Amino acid sequence: MDISFAMFKSDGTRRDFPMRKERIVIGRKDTCDLRVPLPAVSREHCEIVQDGDALQLRDLGSSNGTFRNGVRVQESTLEAGDQVVIGPVAFTVVIDGVPSTIEPGTRMGPTAQTAGDQVTVGAASSGAKPGMDDSDDLSALLAEFDDDDDSFAGLDLDED
């Protein structure tokens, strides 16, 4: 099974991150496989585990929750096309090339009422720049992506 996670940079450019390990941890901590250093993301926010043909999403006790298709979950089986939202970051699950087309812009998460609603991210807690929310921080961080590095484990959204 070929698994990747698609997200969009602030300019609308799609980035795909292949899952090259059977288990990945997403969070703020330096040791996470996918590091997202934003206040809305817990140190070890969630994990994604491939077990044979199944792909499991598990929240690791995060403060702000892990969302699958707009619904907060503790544990859930992921399928192709599902959207996973962690803080202000939205990933679309791509399995064996499905879905082949993903539209940027619509995110389902904590405030979404239906699949078409746009998520509004609230102001960040301490550590955020004045006047910026997590969406602004994320846009700045996404601009720093190294376009030559397509490894999921190599993704680090830190500004340093």
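The shown structure was predicted, so the numbers you read here are calculated from the model rather than taken from an experiment.

Chemist: Can you help me understand the sheet that holds strand β8 (residues 71-73) in this one?
Modeler: What links the strands of a sheet is backbone hydrogen bonding, and the strands pair in either a parallel or an antiparallel sense. An order of β2-β1-β11-β10-β7-β8 is seen for the six strands of this open sheet, with the pairing classed as antiparallel. Lying at the two open borders of the sheet, with one neighbouring strand each, are β2 (14-18) and β8. Averaged over neighbouring strand pairs, the angle between their axes works out to 35° when direction is ignored. In the sheet, strand β1 (residues 3-8) pairs with strand β11 (residues 89-95) via four bridges, with the strands oriented antiparallel. Note on β11: the bridge partner recorded for F5 is V93.

Chemist: Sorry if this is basic, but what is going on with the confidence of the model for the protein here?
Modeler: As a note on interpretation, predicted positions should not be read in detail where pLDDT is low. Residues with a pLDDT of 70 or more make up 65% of the protein, whose mean pLDDT is 75. Per-residue pLDDT stays below 50 along residues 111-136; that stretch engages in 41 contacts with residues further than four places along the chain or on separate chains. Counting interchain partners and residues more than four positions distant, the pLDDT-below-50 stretch residues 143-160 has 41 contacts.

Chemist: When you look at the sheet that holds strand β9 (residues 75-77) in this model, what are you seeing that I'm missing?
Modeler: An order of β4-β3-β5-β6-β9 is seen for the five strands of this open sheet, with the pairing classed as mixed. Two strands bound the open sheet, and with one partner strand each, they are β4 (34-35) and β9. Here four bridges tie strand β3 (residues 23-27) to strand β5 (residues 46-51), and the two strands are oriented antiparallel to one another. Residue I24 lies in a different strand from β5, and its bridge partner there is I48.

Criteria and cut-off values
- Residues numbered from 1 in each chain as written.
- Predicted model: local features only at pLDDT ≥ 70, side-chain atom pairs only at ≥ 80, totals over all residues.
- Heavy atoms only, no water.
- Pairing = 2+ DSSP bridges.
- Helix = DSSP H or I, 4+ residues; strand = E, 2+ residues; numbered from the N terminus.
- Axes fitted to C-alpha atoms, helices over the stretch in contact; angles between N-to-C directions.
- pLDDT = per-residue confidence, 0-100.
- Contact = heavy atoms within 4.5 Å.

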